Amino acid sequence: MPCTNSMRTHWQTLALSCLIAITGDPAAAQKTLTPRPFVLVLGIAQDGGFPQAGCRRRCCQAAIRTTSKRRMVTSLAIVDPLSHQRWLIDCTPHFPDQLRLLDTAAPPSANQPLLDGIFLTHAHVGHYTGLVNLGREVMGTQNIAVHAMPRMAGFLSTQGPWSLLVKLNNIQIKPLQAGQVIRLGKRIQLTPILVPHRDEFSETVGFLINGPERSVVFIPDIDKWEHWNRRIEQLIVTADRAYLDGTFFDGQELPNRDITKVPHPFIIESIQRFAALADTQRSKVHFIHLNHTNPALAPESPAAKAIRHAGMYVAEQGTRYSL
Ligand SMILES: [Zn+2]
Ligand SMILES: [Zn+2]
Ligand SMILES: [Zn+2]
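Analysis parameters
- Residues numbered from 1 in each chain as written.
- Chains lettered and ligands numbered in written order.
- Predicted model: local features only at pLDDT ≥ 70, side-chain atom pairs only at ≥ 80, totals over all residues.
- Heavy atoms only, no water.
- Donors = N, O, S within 2.8 Å, 3.2 Å for Na, K, Ca; no water.
- Tetrahedral: all angles 85-135°; square planar, octahedral: opposite > 155°, others 65-115°.
- Helix = DSSP H or I, 4+ residues; strand = E, 2+ residues; numbered from the N terminus.
- Buried < 20%, exposed > 50% of the residue type's maximum accessible area, 1.4 Å probe, protein only.
- Pairing = 2+ DSSP bridges.

(A) Focus on the coordination of the zinc ion (ligand 2). Taken together, the protein donors to the zinc ion (ligand 2) comprise C55 (SG), C59 (SG), C60 (SG) and H292 (ND1), at separations of 2.1 to 2.4 Å. The site at the zinc ion (ligand 2) holds 4 donor atoms, and with the angles between them running 98 to 129°, its shape is tetrahedral. Spacing between the donor residues of the zinc ion (ligand 2) along the chain follows C-x3-C-C-x231-H. With C60 in helix α3 (residues 58-65) and H292 in the loop between β12 (285-288) and α11 (302-309), this residue pair connects regions lying 232 residues apart in the sequence. Overall, the relative accessible area of 0% leaves C60 in the buried class.

Structure (structure tokens):
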């Protein structure tokens, strides 16, 4: 028999009565039964995904053969199950599959928009080009809010094909400012944090997401930690979970390219740097945005084991974290 709304309400009322009887605290019982907002990891790979187009090297062989080993480009969803609101951070080339993943975890409500907003980190191809799906050739959405920093907003408004999305009102650009808190519905707040990166077309931001009980810091793309005027450790301590740039494990991964032209904090450098933190702080760190060459994409690799041994993790696609 399908579970109807009235049945659900009946069971919730019953559960609430039981909890009040056990705890003697109606407010605490109500809080326990209220579903919390959460972030959902929609992808963990660098802009090219895993496997990457055209890669014939060993790094991508297993993922080419076995679909369960593939990983989508880094993106987070933020969901408030109480209001049925859903937001995205970044709109990747894997947007169609990521929207399906989101729909499975948090089905869209009939009388609400497809998405309540998209927040963009920067104008590198893995982070915004999924917006093509909102245009009239595909979904033809109406006024989806796309929150962007000033240069990013200017880029989208003036450069085709993105400018057509703006002109046809498929998307509506909403300005973001570094450090300015944005409210997402009633229970979540989001703050853009400016970070140093290769800013050819836009500035680059990470985000701090604050929920009713927990907070998440999300910095998928940044130059070396030392190039920043903030201390990453301070953000790790402030937040309850940190999804941080884990693009490369070490400097051996791009033999045919000058790795100084694509500077990221190597995971081995982060492991060394964060060794000074307490275990409880380090365990918040989940590396994300892994390049196809990163050996830590294979959970049983020595690289992945070294991360776990250091008390940290690689973020997992499809997992959620309550806020
Ligand atoms: Zn990227
Ligand atoms: Zn590869
Ligand atoms: Zn980038």
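Resuming the write-up.
(B) Quick look at unusual backbone geometry. Cis geometry is adopted by the peptide bond preceding P51, which originates at F50 and carries an omega value of 5°. Mapped onto the fold, P51 is located in the loop between β1 (38-43) and α3. Following G160, the chain continues to P161 via a peptide bond in cis, the omega torsion being 0°. Along the chain, the position of P161 falls in the loop between α6 (150-158) and α7 (162-167). A positive phi angle, near 60°, is found at H84, a position not held by glycine. As for its position among the elements, H84 is in the loop between β2 (75-80) and β3 (85-89). For H84, a relative accessible area of 40% corresponds to the partly exposed category. We note that N143 has phi near 55°; this positive angle belongs to a residue other than glycine. Position of N143 among the secondary structure elements: in the loop between α5 (125-128) and β5 (144-148). Take N143: its relative accessible area is 35%, and that puts it in the partly exposed class.

(C) Spotlight on the coordination of the zinc ion (ligand 3). Of the protein atoms, only H122 (NE2), H124 (ND1), H197 (NE2) and D221 (OD) coordinate the zinc ion (ligand 3), at distances of 2.1 to 2.8 Å. Coordination at the zinc ion (ligand 3) comes from 4 donor atoms whose angles at the metal span 79 to 163°, giving a geometry best classed as irregular. For the zinc ion (ligand 3), all donor residues lie on one chain, and their spacing in sequence is H-x1-H-x72-H-x23-D. In this structure the zinc ion (ligand 1) is found 3.6 Å away from the zinc ion (ligand 3), and D221 serves as a bridging donor for the pair. One end of the pair, H122, is in the loop between β4 (117-119) and α5; the other, H197, is in the loop between β8 (188-195) and β9 (204-210), with 75 residues separating them in the sequence. One exposure class covers both H122 and H197, and it is buried.

(D) Structural context of the pairing of β2. Counting buried positions over the 6 residues of β2 gives 6, a clear majority of the element. Residues S75, A77 and V79 point to one face of β2 and L76, I78 and D80 to the other, with burial holding for every one of them. Sheet topology note: the β1/β2 ladder contains 5 bridges and is antiparallel. Looking at the pairing, G43 lines up with S75 of β2. If you look at the hairpin formed by β2 and β3, you'll find 4 residues sitting between the two strands, and H84 has a positive phi there, around 60°.

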